[in-house]
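Architecture and fold: a report
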Amino acid sequence: MAQTPQKRFTVNAAFFQEIKEDHQQLHDIMDQLRRLVDNKPALGNHVADLANLTEALRDQLAFHFALEEAYGYFEDAIGMAPWIHEKAGALRDQHGELFTQAQDLAELAADYLQRGDDDPAEVGERFVEFDRAFSEHESAEVALILNAMTQDVGAAD
Ligand SMILES: [Fe+2]
């Protein structure tokens, strides 16, 4: 049926607003962290910022993942081709790993701040690793949604 794709990917306006705000917040935090970490010689002067931003990142991620899981495209994928279901499950499992990584990062930055260590290069390196893993995860999610939509539209013809 032609209506199925529209119905499946409709999100109510208030919920959509929340998703948009979450994305903006997450984008801002990641952007600030990237700029901070990129400037290696100055990083030692920004241990407090590093601690604050990684803490904000951890909290925003908890919200982000909860929102994504509530959003429902993972559940919607269950009625689709088995490979989509499998891929969606694997991506959802990555949320736990990524959150643990962000939690560890915030803890590490807080340790540096607490002991007055002004050489937090390790925190910077761990952030770069997190950034890579998280970006890969986000791209894979977008690719999956696009694939699922394409398949849906194809099936409706
Ligand atoms: Fe995700």
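Residues numbered from 1 in each chain as written. Predicted model: local features only at pLDDT ≥ 70, side-chain atom pairs only at ≥ 80, totals over all residues.

A short note on the overall build of the protein chain
- Looking only at helices and strands, one finds six helices and zero strands in the protein chain.
- Counting only residues that meet the buried cut, the protein chain has 16% of its 157 residues in that class.
- In the protein chain, the share of contacts with a sequence separation of at least 24, taken over all contacts with a separation of at least 6, comes to 78%. (Helix = DSSP H or I, 4+ residues; strand = E, 2+ residues; numbered from the N terminus. Buried ≥ 20, exposed ≤ 12 C-beta atoms within 10 Å, placed from the backbone. Contact = placed C-beta atoms within 7 Å.)

A word on the packing of helix α3 (residues 47-71) against helix α5 (residues 82-114)
- Their axes nearest at 8 Å, the elements α3 and α5 cross at an angle of 160°. In this view, α3 runs roughly antiparallel relative to α5, as classed from their interaxial angle. As for the relative orientation of α3 and α5, their crossing is left-handed in sense. Here Val-47, Ala-48, Leu-50, Ala-51, Thr-54, Glu-55, Leu-57, Arg-58, Leu-61, Ala-62, Phe-65 and Glu-69 of α3 come into contact with α5, specifically with Arg-92, His-95, Leu-98, Phe-99, Ala-102, Gln-103, Leu-105, Ala-106, Ala-109, Ala-110, Tyr-112 and Leu-113. (Axes fitted to C-alpha atoms, helices over the stretch in contact; angles between N-to-C directions. Parallel < 35°, antiparallel > 145°, perpendicular 65-115°, else oblique. Left-handed = near helix turned anticlockwise from the far one by under 90°.)

Focus: helix α2 (residues 13-38)
- Look at α2: 37 Å from first C-alpha to last across 26 residues, which is about the 38 Å you get at 1.5 Å a residue.
- For α2, the complete set of buried residues consists of Ile-29, Leu-33, Leu-36 and Val-37. (Expected span 1.5 Å × (residues − 1).)

Points about the confidence of the model for the protein chain
- In the predicted model, the protein chain carries a mean pLDDT of 87, and 83% of its residues have values of at least 70.
- Counting contacts from residues 1-7, a segment whose pLDDT is below 50, to residues more than four positions away or on other chains yields eight contacts. (pLDDT = per-residue confidence, 0-100.)

Some words on the environment of Phe-15
- Among the secondary structure elements, Phe-15 is positioned in helix α2.
- For the pair Phe-15 and Leu-67, spaced 52 residues apart in the sequence, the C-alpha separation amounts to 9.1 Å.

Focus: the packing of α2 against α3
- Two numbers describe how α2 lies on α3: the axes approach to 9 Å, and their chain directions differ by 150°. Considering the angle they form, α2 stands roughly antiparallel to α3. Crossing of α2 over α3 shows left-handed handedness. Between α2, through Glu-18, Ile-19, Asp-22, Gln-25, Leu-26, Ile-29, Gln-32, Leu-33 and Leu-36, and α3, the contact on the second element is made entirely by Asp-49, Leu-50, Leu-53, Ala-56, Leu-57, Gln-60, Phe-63, His-64, Leu-67 and Tyr-71.

A short note on the nonpolar core
- If you look at the biggest cluster of nonpolar residues, it comprises 18 residues, and the most contacted ones within it are Leu-33, Leu-50, Leu-57, Leu-105 and Ala-109.
- Taken together, the elements giving at least two residues each to this core come down to α2, α3, α5 and α6 (121-156).
- With six residues, the top contributor of residues to this core is α3.
- Not counting residues up to four positions away in its chain, the partners in contact with Leu-33 are Leu-53, Leu-57 and Phe-127. (Core = buried A, V, L, I, M, F, W, Y, C linked by C-beta atoms within 7 Å.)

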